[in-house]
Amino acid sequence: MKRLIAFFLGIFSALVMIGIHYSTIPPLSQFLKKIELQSLDYRMKYAKKVPDLSDAIKIVLVNDATNLSDKLAAFTRLITTVQEGALKPKVIGFNYRFDASEHEELISIASTAGNIYYGYSFQFQVEEESPNQDILPFRLEITNIGDDNSNVFEAQQVQLPSHKYLTTARGIGFVNTLPDVDGVFRRIPLFLRYQGNWYGSLSLLIAMEYLDVGSVDMTFYPGQYVEITKIDGTFMKIPVNQYGEMLIDFAYGSDKKNGVPFEIFSMENDVLAYQEQILNGVIPESLRSLQGAIVLVGSGGRYPIPLSASYPLIGIHANFINTILTNQFIRDLSPVFFVGVLVLLGMLTGLACGIHRWWIKILLGLLLAGCYVAVAFGVFYQFKLLLPILPVLLTICLTTLIAGIVVRHPAQPKTAKSQAQPIKEKKRKIKAAPDDVVELENTLIEIREDLDRKSIRLRSKIEEVRILQEQAESNHYDYSRQVVSLQKEIRAREIEIKGLIAKEEELRRQFENLPFNVPDVVQSRYNPEAIVQLFAPYGFVTNNDYILRTLARAEKLGKTSVALLIQGEPGTGKKLLAHIIRQLSSRHNRPMLEVICAGDMDLLEDDLFGHRKGAFPGADEHRMGFFRKVDEGTLVLEEIGNLSMEIQTRLIQTARGKAVRPLGEDLGFSVDVRIIATTSHNLQDLVAKGLFREDLYHYFSVFPLYLLPLRERKEDIPMLVNHFIAKYNLIHSKIVERASDDALNLLFQHQWPGNIIELEKVIERAIAEVNPGERELAAKNISFEEANLNSGITDPGMLNYLLALMDSQRELPAYQPLREKVLAEIQRLYCVRLLRLHQGNVKNASIDAGLKPETFKKMLSELMIDPEHYHY
Ligand SMILES: Nc1ncnc2c1ncn2[C@@H]1O[C@H](COP(=O)(O)OP(=O)(O)OP(=O)(O)O)[C@@H](O)[C@H]1O
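Just so you know, these numbers come straight off a predicted model, no measurement behind them. (Residues numbered from 1 in each chain as written. Predicted model: local features only at pLDDT ≥ 70, side-chain atom pairs only at ≥ 80, totals over all residues. Heavy atoms only, no water.)

### Things to note about the overall build of the protein
For step 1, the next point in the chain: For the protein, the helix and strand inventory stands at 33 helices and 24 strands.
For step 2, the next point in the chain: When burial is assessed residue by residue, the protein has 50% of its 872 residues classed as buried.
For step 3, the next point in the chain: Across the protein, the fraction of contacts at a sequence separation of at least 24, relative to all contacts at a separation of at least 6, is 73%.
For step 4, the next point in the chain: Carbon and sulfur atoms make up 55% of the accessible area of the protein, which amounts to about 42,200 Å² in all. (Helix = DSSP H or I, 4+ residues; strand = E, 2+ residues; numbered from the N terminus. Buried < 20%, exposed > 50% of the residue type's maximum accessible area, 1.4 Å probe, protein only. Contact = heavy atoms within 4.5 Å. Areas by Shrake-Rupley, 256 points an atom, 1.4 Å probe, with all protein chains shown as cover.)

In structure tokens form, the structure reads like this:
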């Protein structure tokens, strides 16, 4: 459904793009306009392509403008009369304004020559009033041009419409001597509007003449292009802005490295200097090229480019005419092709919208925009076709954004991975297990076991040294040779162990850099039936694929002696799994101890590592500590995330060094203990907050096992219910066989914040309530509240604390940690009740609590409570 919405949004975006294209240029802000101009500048500047140059254009520069009219009259007479037109150009354009009354000779020579234009503009007739003010169809009648000189002179007064980013010219013919506001010369006008009339430019006139389009139909679409239909039916389009100005690439011809592109003659040095020669019938070879050419006469700088000279117009006209003659103007794109591109883009945008991760969406949007720019540039360079970049880019970005908001995806339920391994969460899930990953993990297990073995051996060597030294002291025998050789061995082993640790570290990093989650890969190979059969006798019931995979991995890892970490919310079965792992391991008949890492940390430290008699006041006896008590066995450390930094430091030393040093002892005792740690915290977060040692985290996190919360595996509920019915039938002497459908429905609806332990309590109470002889648990027997409250206390340390507080025999706990713990637990219970009441609605819950939503949210995140879980 969401994909469909996204797809239609894509189509919609395509329609928007098409709409933008076919409407007149959309009202872009001045800012955007500026960007557009700058992008054009950029293209012009970096268009390194050498332009095609028409050899039809010849430029005659007037070096010295004194007696200009006479000079031009002499020149005109010369080239139009000599040898019956041997030098006669096709068109001559004077880039000057002359007053007919003052320059009679020149005007009369020019007007009789027939192909000489000395004005700057011509007026043309608008054929009809277009219903659409934006479109101006007209017929260009070149034959009329120049007949009425008054138009020429009137045109001198034209003031172009002023525009922030466009040229303000002083009059037709003087255009583009002024730069745009940003100092760049950009345009040449094809058309100018003056007193309600439109005027065409000299350049246009000359170009039309040369192209033999003495009479053409033109349609001027301000802001888009001028369409010129030639007599032979072919047409061309010249893009113009809304003021009739043509975008012209001044880079053409301005490449000074390649020299001046057009052939240039100097009026005084090349042309008039040969006057006598020419009149005698000898035409210098260099001047022959004027015949049949477009001759532009004007004064100016050395180069026919419009950037520095005071009269740069011939450069502009030459460029412009060259552009038309060589077809280098930017053409419009075929509508079919264009629509095709837009629809494709729209659909891709739609697809991008269908992806739920916002950053992928943004990346895709940018990628699409990048593709579009690349296509637009490619099309521009290859075909000289212009794709409207800016509006389309804007549309792509906007549509992606809007669609991102509209196509909302529900928050993803936290998966096993997301809690178990936040880093690896980012990685792709894969179905098959590549052999090399399994291989890699096996190697890691081997290294870890090897490390353990070698550390134990190292310990025994150190022990030997100690014993020898003690014996030497008592029997005065010299053992120094043996001691030296042992110490040598110890050093060698230490180096070996260092190497192994480095190797382990490297492999661990490799795991982290793999593009997928290692447990997922390794766990994907398992036989569900075998796993169910293996775990059922231990009272572990499940039907959930992920849990079965976890059990498969637990079985594999369980057989080894490596330290393990079991993660999961309270009541998900971590302890149960730890017990089973121990049962499956070779240490099953060795001692096992469970320690809740909570309460007074000093006491716990003493519990774990022990002390020597007299180590501190009140230490009347030696104390072994749990590590030594369970030597060769298994130590389960519950809620390892609660450990103080001191204990963490001693723990990693003990775990790595395989030796425990009780308080007050100089030397450590070797111990071979397998540690299984459990936690309901996100240890990585604790590491980030500086509350958990990174090395200890890595020590355990290499082989993590994660148990899903019950709300994410509700398919387990019926099996679990049956399991607990059987268990509590025995205890309460009942004969219940099953739960009714209504009861099961009720159980399915519940979100189980207390997980399986909560379910167990609900069933236990229901069984207790059921009448003797009844065979079915009914919905009425199910009640959650009390169970919730009981299971609500999730921190085992909390209970320890409270017990210690109430039991006068026990040591009084320290106030500060007690206060923090109790407060945190109360906050947690309170928040959970509130969220349940408001079905996960944070805003309402915060109002109820009299807190700002942000404060409430912060509190939830500190307590690691996800409101989504109460959204039912
Ligand atoms: N898959 C299961 N099948 C049957 N019983 C289960 C299962 N998982 C948990 N239980 C039962 O639920 C109860 C809670 O399990 P356990 O104490 O192992 O959870 P925990 O995660 O260690 O809890 P906490 O973090 O609060 O210590 C136990 O009675 C256990 O037997």
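### Quick word on the environment of Gly657
For step 1, the next point in the chain: Mapped onto the elements of the fold, Gly657 is located in helix H23 (residues 645-657).
For step 2, the next point in the chain: C-alpha separation for the pair Gly657 and Val671, spaced 14 residues apart in sequence, amounts to 8.9 Å.
For step 3, the next point in the chain: What Gly657 contacts, discounting residues up to four positions off in sequence, is Ser455, Arg459 and Ile652.

### A few points about the pairing of strand S16 (residues 564-568)
For step 1, the next point in the chain: Within S16, five of the five residues are buried, leaving the element largely enclosed by the surrounding structure.
For step 2, the next point in the chain: Every second residue of S16 is oriented toward a common face, with Leu564, Ile566 and Gly568 on one face and Leu565 and Gln567 on the other, all of them buried.
For step 3, the next point in the chain: Inspection of the sheet shows S16 paired to strand S21 (residues 674-679) by four bridges, in the parallel sense. For Ile566, the partnering residue across the bridge sits in S21 and is Thr678.
For step 4, the next point in the chain: Here four bridges tie S16 to strand S22 (residues 704-707), and the two strands are oriented parallel to one another. Within S22, the position partnered with Gln567 by the bridge is Tyr706. (Pairing = 2+ DSSP bridges.)

### Side note on the side chain of Thr550
For step 1, the next point in the chain: Assignment of secondary structure puts Thr550 in helix H19 (residues 545-559).
For step 2, the next point in the chain: In terms of polar contacts, Thr550 uses its side chain to reach the backbone carbonyl oxygen of Tyr546, at 2.8 Å. (Polar contact = N/O pair within 3.5 Å; in protein donor to acceptor, adjacent residues only side chain to side chain.)

### Observations concerning H19
For step 1, the next point in the chain: Under the 1.5 Å per step criterion, the end-to-end length of H19 is 21 Å for 15 residues, consistent within 8% with the ideal 21 Å.
For step 2, the next point in the chain: Along H19, the positions that sit buried rather than exposed are Tyr546, Ile547, Leu548, Thr550, Leu551, Ala552, Arg553, Ala554, Leu557 and Gly558.
For step 3, the next point in the chain: Where H19 starts, the residue carrying a side-chain oxygen 2.8 Å from the main-chain nitrogen of Tyr546 turns out to be Asn544. (Expected span 1.5 Å × (residues − 1).)

### Considerations on the pattern of salt bridges
For step 1, the next point in the chain: Counted under the stated rule, the structure contains 30 salt bridges.
For step 2, the next point in the chain: The partner of Asp452 in a salt bridge is Lys658, and the shortest N-O contact between them spans 3.7 Å. Taken together, the residues Asp452 in helix H15 (residues 435-475) and Lys658 in the loop between H23 and strand S19 (659-660) connect sequence positions 206 residues apart.
For step 3, the next point in the chain: With relative accessibility at 9%, the residue Asp452 sits in the buried group.
For step 4, the next point in the chain: Residue Lys658 is classed as buried on the basis of its relative accessible area of 4%.
For step 5, the next point in the chain: Between Glu665 and Arg612 there is a salt bridge; the shortest N-O distance is 3.0 Å. Of this pair, Glu665 sits in the loop between S19 and strand S20 (669-670) while Arg612 sits in the loop between helix H21 (601-609) and helix H22 (626-629), placing them 53 residues apart in sequence.
For step 6, the next point in the chain: Take Arg612: its relative accessible area is 37%, and that puts it in the partly exposed class. (Salt bridge = Lys/Arg side-chain N within 4 Å of Asp/Glu carboxyl O.)

### Describing the environment of Val687
For step 1, the next point in the chain: Along the chain, the position of Val687 falls in helix H24 (residues 683-688).
For step 2, the next point in the chain: Sequence-wise, Val687 and Tyr697 are 10 residues apart; in three dimensions their C-alpha atoms are separated by 7.6 Å.
For step 3, the next point in the chain: Once residues lying within four places of it in the same chain are set aside, the contact partners of Val687 are Phe692, Arg693, Glu694 and Tyr697.

### Description of the confidence of the model for the protein
For step 1, the next point in the chain: Here the protein shows a mean pLDDT of 71. Residues at 70 or above account for 57%.
For step 2, the next point in the chain: Within the model, the stretch residues 119-128 combines pLDDT values under 50 with 50 contacts to residues more than four positions away or in other chains.
For step 3, the next point in the chain: Contacts from residues 130-186, a stretch scored under 50 in pLDDT, to residues over four places away or in other chains number 156 contacts. (pLDDT = per-residue confidence, 0-100.)

### Looking at the sheet that holds S21
For step 1, the next point in the chain: Reading across from one edge, S17-S18-S21-S16-S22 is the order of the five strands in this open sheet, with parallel pairing throughout. The two strands at the open ends of the sheet, each matched to only one other strand, are strand S17 (592-596) and S22. On average, adjacent strands in this sheet sit at an angle of 20° to one another, irrespective of strand direction.
For step 2, the next point in the chain: Strands in contact with helix H20 (residues 574-584) are S16, S17, strand S18 (634-638), S21 and S22; relative to S16, the strand with the most contacts, it is inclined by about 155°.
For step 3, the next point in the chain: In the packing of helix H25 (residues 694-701) onto the sheet, contacts are made with S16, S21 and S22, and the angle to S16 comes to roughly 90°. (Axes fitted to C-alpha atoms, helices over the stretch in contact; angles between N-to-C directions.)

### With respect to the site of the ligand
For step 1, the next point in the chain: With respect to spatial proximity, 18 residues lie near the ligand, and among them Val541, Gly571, Lys574, Lys575 and Glu760 are the closest.
For step 2, the next point in the chain: Contact between the ligand and Gly571: an oxygen atom at 2.9 Å from a main-chain N or O atom of the residue.
For step 3, the next point in the chain: Within the contact set of the ligand, an oxygen atom lies 2.6 Å away from a side-chain nitrogen or oxygen of Glu760.
For step 4, the next point in the chain: For the shell around the ligand, the per-class residue count stands at eight nonpolar, five polar and five charged.
For step 5, the next point in the chain: Both domain 4 (527-707) and domain 5 (714-782) contribute no fewer than three residues apiece to the shell around the ligand. (Near = heavy atom within 4 Å. Nonpolar A, V, L, I, M, F, W, Y, C, P; charged D, E, K, R; others polar. Domains from an automatic or database assignment.)

### Details of the packing of H23 against H25
For step 1, the next point in the chain: With their axes 9 Å apart at the nearest point, H23 and H25 run at an angle of 45° to one another. On the basis of the axis angle, H23 is oblique to H25. The way H23 lies across H25 gives a crossing that is left-handed. On H25, the residues that touch Gln648, Leu651, Ile652, Ala655 and Arg656 of H23 are Asp695, Leu696, Tyr699 and Phe700.
For step 2, the next point in the chain: Within the contact of H23 with H25, the residues separate by chemical class into six nonpolar, one polar and two charged. (Parallel < 35°, antiparallel > 145°, perpendicular 65-115°, else oblique. Left-handed = near helix turned anticlockwise from the far one by under 90°.)

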